[in-house]
Structure formats: C-alpha cells, structure tokens
Amino acid sequence: MTSERSAPTWREVARAQEGLICRRQLAELGVDRHRVRAQLNAERWVARSSMVLSTTTGAPTRTQMRWLGVLHAGPRALLSDLSAAEVHGLQRWHRDEVTVLIPEDLVMDEPVEGIVYRRTRRHLPSMRSALTLPAMKLEPAVLHFAAYQRSGRTAQGVLAAVVQQGLTSPTALQEWIRRMKPLHKAPLLRACLTEIAGGAGSLAEVDLARLCRTHGLAPPVRQTRRRGSDGRIRYTDAEWRLHDGRTLVLEIDGGFHMEVEHWEDDIVRERSLLSADRQAVRCTARELREDAARLAADLRRLGVPPRVVQRGA
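Residues numbered from 1 in each chain as written. Predicted model: local features only at pLDDT ≥ 70, side-chain atom pairs only at ≥ 80, totals over all residues. Heavy atoms only, no water.

Visitor: Lay out the overall build of the protein chain in plain terms, naming residues and giving numbers.
Guide: Along its length, the protein chain carries 14 helices and 10 strands. Here the protein chain holds 313 residues, and the buried ones make up 45% of them. Restricting to contacts in the protein chain with at least 6 residues of sequence separation, those with at least 24 account for 55%. In the structure as shown, the protein chain presents an accessible area of about 17,400 Å², 50% of it carried by carbon and sulfur atoms. (Helix = DSSP H or I, 4+ residues; strand = E, 2+ residues; numbered from the N terminus. Buried < 20%, exposed > 50% of the residue type's maximum accessible area, 1.4 Å probe, protein only. Contact = heavy atoms within 4.5 Å. Areas by Shrake-Rupley, 256 points an atom, 1.4 Å probe, with all protein chains shown as cover.)

Listed below in structure tokens is the structure:
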C-alpha cells in the first residue's frame, strides 16, 4: 500500500525559491496574514515587494532577484530576454536589470525596483523551459531580446554569441523564428543565422562574409585549425588560397585584442603561424563595419580572388 506524498511546507517552498515566497503561496499553505505579520515584525522575514517576502535578511542575491521578478507577477510570468539567457549559460551579455515577460492582460499593482516587465500577447506556456525557475527557453528568450533592439548589430551579436558559446544552433533559432511569427527584425535575424550556419563564429565574421558577397570577393575559409611553430594548436579568423599558391590570412581585431597584453599575445600567435607561403594581414572589427569598401579593395590588391557565381544563382 502506497502513502500519498504530504504537501510541502512553506519552508520547503521557500527553500526551492532561494528563500523567497509570495503571499498567495503562503495562503495556500495555510500561513495566515497574522503569522506573516509576526515574522515581519520580528525581522525574521523581509518584504521585497507587496507580493513577495524573503525568509532571509540582507541584500538580495542575483538569483533571488530573478525569483522576485516572477513571483511578484504571478504564475503566468516568465524570466525572459537576457535574464533567461544568462540562466541558460550565456556569458558576457550581463544586464543589471532582470527582465520578466508577462501576459498582456495582467494587472500589475506596482513597479518593482530592479525588475523590467514586458507585456506580450504570445502564448507563454509554450515558451517555458524545464528549469525550476519559471523562465523562457533559450531560443525564444534570445530572439525576443534581439527583436526589440534599436541596434541591428546588438540583435545579430547576441545570436552569434549563443551559437559560438555552444548553447544552441542556427537551425534551432531559425525554427523558433518560424514559431514566433510575426517577429520584429525577422529578415535580418534569418540572414544573420544563415551566415552563422555557413561558418561565421562572431559578428565580425558575419560582417566579413557580407563584405565578400557585396564586393565580389571569394568567401574565405574560416576558423582554420593550424599548428604553430611553437607546437600549439591555434585557429585563424579567415584564409584565402591565392592564385600563386600562397595563403593570405586575415586576423580581425576587436576591442578585446586592443588591450596590450592580448595584442602582444596576438603578435606572437600570428608570427608562429606564418611561413614563406603564408602572409598575414590584420583589420579591426570597426573597419569591417564602417570602411568595408576600402578593406575589400586592399584584399583584392593583395590577391584575394573574385567570387565565383554559379549559373542560375
């Protein structure tokens, strides 16, 4: 004979939510407002909002802020955009505010400091992840963020980042663009994902692919694995095989490379990969964005062959 599992206590619920619990949950668990007031008056609990209480004192942690955002808005709310992507593992795209997606018809009684609420008519349950924390799945979270960015580069950059970090694939993101139709910036996002699927590992590489297509240059081989003269394995950003048998290597420097210690590392790395038949040149990510025509002319002068267009293409 099996016994039914007993209902969780408020302590168990709060523990699963990083020490936070909302008044609705307390009422459902039989904790009345008099007991709640007693805990608050004794300063054992802290009111984080009109709806959410913390069973721990002190400044809330990042994880507690996420729970605060969704608990305050109720059971239909989901952590979204970069806040959800961060939970799924996205790095170097941190934002201080926590973003929560809520249904269009939800009535909110007050703002909550540190939380940004976005309204939507979309079907939120279909986008919910399997995490304990109510959060969007990675793909719709990232696409929702990208769709509402003023900067197209920011929108494309986050797509390159999630793929480059191995969190998802261009195919999965393309499928979610279809599922989220209509979606702002969909043509731009699709085009970017096509470039990423073709081998572009960063936004700078996406820009390089577009430069080659726009200015009639052959597409490079990207992220080629090479063993340097010091025996270490390294990857080059872009390579072209020239008509005379030599190889031209293009290294793209972003802001990270401009720091002195990284610049020196890059010089050593570049030199270790060169030989009599391998020439290397450098450009900046800014040049790819703002001076593509001149860079294309320089690459053509250095021997990069023209793009071969297939008949009927």
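Visitor: Pulling in residues and values, what's your account of helix α7 (residues 152–164)?
Guide: For α7, which comprises 13 residues, the first-to-last C-alpha distance of 18 Å matches the rise-based estimate of 18 Å (1.5 Å per residue) to within 8%. Listing the buried residues of α7 in full gives Ala-155, Gln-156, Gly-157, Val-158, Leu-159, Ala-160, Ala-161, Val-162 and Val-163. Buried positions along α7 lie against α5 (81–87), α6 (138–147), α8 (170–179), α9 (186–197) and α10 (203–214). Two to three positions downstream of the cap, the backbone nitrogen of Arg-153 sits 3.2 Å from a side-chain oxygen, assigning the N-cap of α7 to Ser-151. Just downstream of α7, Gly-166 is the residue with a positive phi angle, here 75°. (Expected span 1.5 Å × (residues − 1). Polar contact = N/O pair within 3.5 Å; in protein donor to acceptor, adjacent residues only side chain to side chain.)

Visitor: Lay out unusual backbone geometry with the relevant residues and their values.
Guide: Across the chain, the bulk of peptide bonds are trans and the bulk of non-glycine residues have phi less than zero. Across the junction of Lys-181 and Pro-182, the peptide omega takes the value 0°, indicating a cis bond. For Glu-18, which is not a glycine, the phi torsion comes out positive at approximately 60°. As for its position among the elements, Glu-18 is in the loop between α1 (10–16) and β1 (20–22). One non-glycine residue with positive phi stands out, namely Asp-81, at about 50°. Locating Asp-81 in the fold gives a position in helix α5.

Visitor: Residues and numbers for the sheet that holds β1, please.
Guide: One open sheet accounts for three strands, arranged β1-β3-β2; its pairing is antiparallel. Of all strands in the sheet, those bounded by a partner on one side alone are β1 and β2 (46–47). Bridge count for β2 against strand β3 (residues 52–54) is two bridges, and the pairing is antiparallel. Across the sheet, the residue bridging to Val-46 is Ser-54, located in β3. (Pairing = 2+ DSSP bridges.)

Visitor: Hey, could you go over the pattern of salt bridges for me, with residue numbers and the actual values?
Guide: Inspection of the entire model under this criterion finds 13 salt bridges. Put simply, Glu-28 and Arg-24 hold a salt bridge, and the shortest N to O gap is 3.5 Å. Pair noted here: Glu-28 and Arg-24 are both in helix α2 (residues 23–28), with a separation of four residues, about one helical turn. On the basis of relative accessible area, Glu-28 is assigned to the exposed category, the value being 59%. Given a relative accessible area of 36%, Arg-24 falls into the partly exposed group. The closest approach of N and O atoms between Glu-175 and Arg-178, which form a salt bridge, is 2.5 Å. One end of the pair is Glu-175 and the other is Arg-178, both in helix α8 and three residues apart, which spans about a single turn. (Salt bridge = Lys/Arg side-chain N within 4 Å of Asp/Glu carboxyl O.)

Visitor: Residues and numbers for the layout of surface pockets, please.
Guide: Empty space among the atoms can be located by rolling a probe the size of a water molecule over them. Empty space within the second largest pocket amounts to approximately 280 Å³. If you trace the second largest pocket, you find 17 residues lining it, with Asp-81, Thr-99, Arg-118, Phe-145 and Gln-149 closest to the centre. Of all the elements in the fold, those that place two or more residues in the lining of the second largest pocket are α5, β6 (115–120) and α6. With four residues, α5 is the largest single contributor of residues to the lining of the second largest pocket. Considered class by class, the residues forming the lining of the second largest pocket number five nonpolar, five polar and seven charged. (1 Å grid on protein atoms, 1.4 Å probe; cavity = no way out; pocket = protein on both sides within 12 Å on 5 of 7 lines; lining within 4 Å. Points joined across faces, edges and corners; volume = space filled by probe spheres on them. Nonpolar A, V, L, I, M, F, W, Y, C, P; charged D, E, K, R; others polar.)

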